[in-house]
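Residues per chain, in single letters:
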Amino acid sequence: MEDAAMPYDSDDFAEDERIVAVEAAFLDRPGVVGVGIGDQDLGSEVVVVYVIDKSTGASLPKAFEGMPVVAIVSGEIDAY
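Criteria and thresholds
- Residues numbered from 1 in each chain as written.
- Predicted model: local features only at pLDDT ≥ 70, side-chain atom pairs only at ≥ 80, totals over all residues.
- Heavy atoms only, no water.
- Helix = DSSP H or I, 4+ residues; strand = E, 2+ residues; numbered from the N terminus.
- Buried < 20%, exposed > 50% of the residue type's maximum accessible area, 1.4 Å probe, protein only.
- Polar contact = N/O pair within 3.5 Å; in protein donor to acceptor, adjacent residues only side chain to side chain.
- Contact = heavy atoms within 4.5 Å.
- Phe/Tyr/Trp six-rings, centres within 6.5 Å; stacked < 30°, edge-to-face > 60°.
- Pairing = 2+ DSSP bridges.

Peer 1: Could you clarify how one ought to interpret the side chain of T56 in this entry?
Peer 2: Relative to the helices and strands, T56 resides in helix α2 (residues 54–58). Among the residues examined, T56 registers a relative accessible area of 10% and is labelled buried. A distance of 2.7 Å separates the side chain of T56 from the side chain of D53, its partner in a polar contact. Once residues lying within four places of it in the same chain are set aside, the contact partners of T56 are P30, G31, V32 and V51.

Now the structure itself:
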């Protein structure tokens, strides 16, 4: 934790840089509707990519920056 007027944890900042990289790598792909970084069993991290169908998920790389990529078929997501 840094001693500042508004303290922040530098580990949180590193996490933000990673999600920005994941968003840049995946969100522009056709059929991708969302991304995140999650935990898989045994505490290992994974890139989670929400896709509209199985074929989109099958076209994703198996890993990104050393983390496995997991596709979840969510269908279209409508924001209200």
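And the narrative resumes.
Peer 1: Could you clarify how one ought to interpret the packing of aromatic side chains in this entry?
Peer 2: Aromatic ring pairs are described here by two measures, namely the spacing of the ring centres and the angle between the planes. Under the criterion given, the structure shown has one aromatic pair. With 5.5 Å between their ring centres and 70 degrees between their planes, F26 and F64 make a pair best called edge-to-face. With a gap of 38 residues between them, F26 in helix α1 (residues 10–26) and F64 in strand β3 (residues 63–64) connect regions that are remote in the sequence. With a relative accessible area of 16%, F64 lands in the buried category.

Peer 1: Would you take a moment to explain the sheet that holds strand β1 (residues 32–39) for this structure?
Peer 2: The strands making up a sheet associate through backbone hydrogen bonding, with each pair oriented either parallel or antiparallel. Ordered in space as β1-β2-β4-β3, the four strands form an open sheet in which the pairing is mixed. At either end of the open sheet lies a strand with only one pairing partner, and these are β1 and β3. Sheet topology note: the β3/strand β4 (residues 67–73) ladder contains two bridges and is antiparallel. If you follow F64 over to β4, its bridge partner there is M67.

Note that all results are geometric; they support no functional claim without further evidence.
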